[in-house]
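# Inside the fold
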Amino acid sequence: MLNIAIEAAKDAGKFLKQNLGKVREINLKSGQERNLVTEIDKKSEELIIGIIRKHFPTHDILAEESGSEHGKKSDFRWIIDPLDGTTNFTHGLPIFCVSIGLEHKGEIVAGVIYDPNLDELFSAEKGRGAFLNGKRLRVSQTPLLKNSLMVTGFPYNVTDNPDNCIQHFVNFLMAAQAVRRMGSAAIDLAYVAASRYDGFWEVNLNAWDMAAGVLLIREAGGKVTGFTGEEIDIYGKRVVASNGLIHDEMIGLILKAK
Ligand code: IPD
Ligand code: CA
Ligand code: CA
């Protein structure tokens, strides 16, 4: 199954790269002011689902642009973001990826994030480690928040989101070494696993943004929770991810904003 996820993520990633700068249709998702979708998001998703369906026709699928299928029942569920970083993509900014996670009986057992611009494939299988282009990953060893490089993102509904995301940003800016904002939550998570960032938090994410990245971080020895340190629920919107060592400091700072 991991191999199929890799095949699908690579094919879709190559398709995205070939189409950078060639978007023809940019639409707003219904009822939302800033949340974009293009014909490229949709075609990438069709491509991925086509590959998964061919190999596992009975598995359930939850994909960003087509939603989840009703009436199907399988222990396996593929969770797909066909283009994470759509806003970057529509501006020709080469920071985006494909993210595919696989749940078995509600537990994430495999995950793949592919960045076609750097040709970087992040992959993980439960209990078997996390890898970048075949090389084993470990989270960073930075012990303190003040020495940490952090990353976050802002929700599309930032103007009326009551979830304190701007206050969190200000607090981390003051407490950490530096804070970045890349525009692709899946890449943010993969980079925590790869020790490029020490920590990440965000509000209002969806399961397709997080599924693969959560497993990558766990398998790289890091920690992923909700905002009060509780076990992560990928359907629960909010995430705190870290190298483990700065996790309590992160949660403390987040709770301060409430
Ligand atoms: C978005 C990106 C972004 C995050 C948003 C996500 P999309 O996904 O991951 O970094 O801040 O909350 O919705 O729409 O580009 O797939
Ligand atoms: Ca996304
Ligand atoms: Ca997307």
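Residues numbered from 1 in each chain as written. Chains lettered and ligands numbered in written order. Predicted model: local features only at pLDDT ≥ 70, side-chain atom pairs only at ≥ 80, totals over all residues. Heavy atoms only, no water.

Another point: the coordination of the calcium ion (ligand 2). Only Asp81 (OD), Asp84 (OD) and Asp209 (OD) from the protein coordinate the calcium ion (ligand 2), and they sit 2.1 to 2.2 Å from it. One chain supplies every donor for the calcium ion (ligand 2), spaced along it as D-x2-D-x124-D. The distance between the calcium ion (ligand 2) and the calcium ion (ligand 3) comes to 3.7 Å, and Asp81 binds to both of them. Pair noted here: Asp81 is in strand S5 (residues 76-84) and Asp209 is in helix H6 (residues 207-219), with a separation of 128 residues, a long-range link. (Donors = N, O, S within 2.8 Å, 3.2 Å for Na, K, Ca; no water. Helix = DSSP H or I, 4+ residues; strand = E, 2+ residues; numbered from the N terminus.)

With that settled, consider the sheet that holds strand S15 (residues 239-242). One open sheet accounts for five strands, arranged S12-S11-S13-S15-S14; its pairing is mixed. Of all the strands in the sheet, the pair left with one neighbour each is strand S12 (178-181) and strand S14 (223-225). Direction aside, neighbouring strands of the sheet carry axes that sit 15° apart on average. Pairing of strand S13 (residues 199-202) with S15 involves four bridges; the strand directions are antiparallel. (Pairing = 2+ DSSP bridges. Axes fitted to C-alpha atoms, helices over the stretch in contact; angles between N-to-C directions.)

The subject of this paragraph is the site of ligand 1. Ligand 1 sits among 14 residues. The nearest are Asp84, Gly85, Thr86, Tyr156 and Glu202. Here an oxygen atom of ligand 1 and a backbone polar atom of Ala185 are 2.9 Å apart. Contact with the protein chains hides 95% of the accessible area of ligand 1, taken as 380 Å² for the molecule alone. Here the shell around ligand 1 gets three residues from one element, more than from any other, and that element is S5. Grouping the constituent residues of the shell around ligand 1 by class yields five nonpolar, four polar and five charged. (Near = heavy atom within 4 Å. Polar contact = N/O pair within 3.5 Å; in protein donor to acceptor, adjacent residues only side chain to side chain. Areas by Shrake-Rupley, 256 points an atom, 1.4 Å probe, with all protein chains shown as cover. Nonpolar A, V, L, I, M, F, W, Y, C, P; charged D, E, K, R; others polar.)

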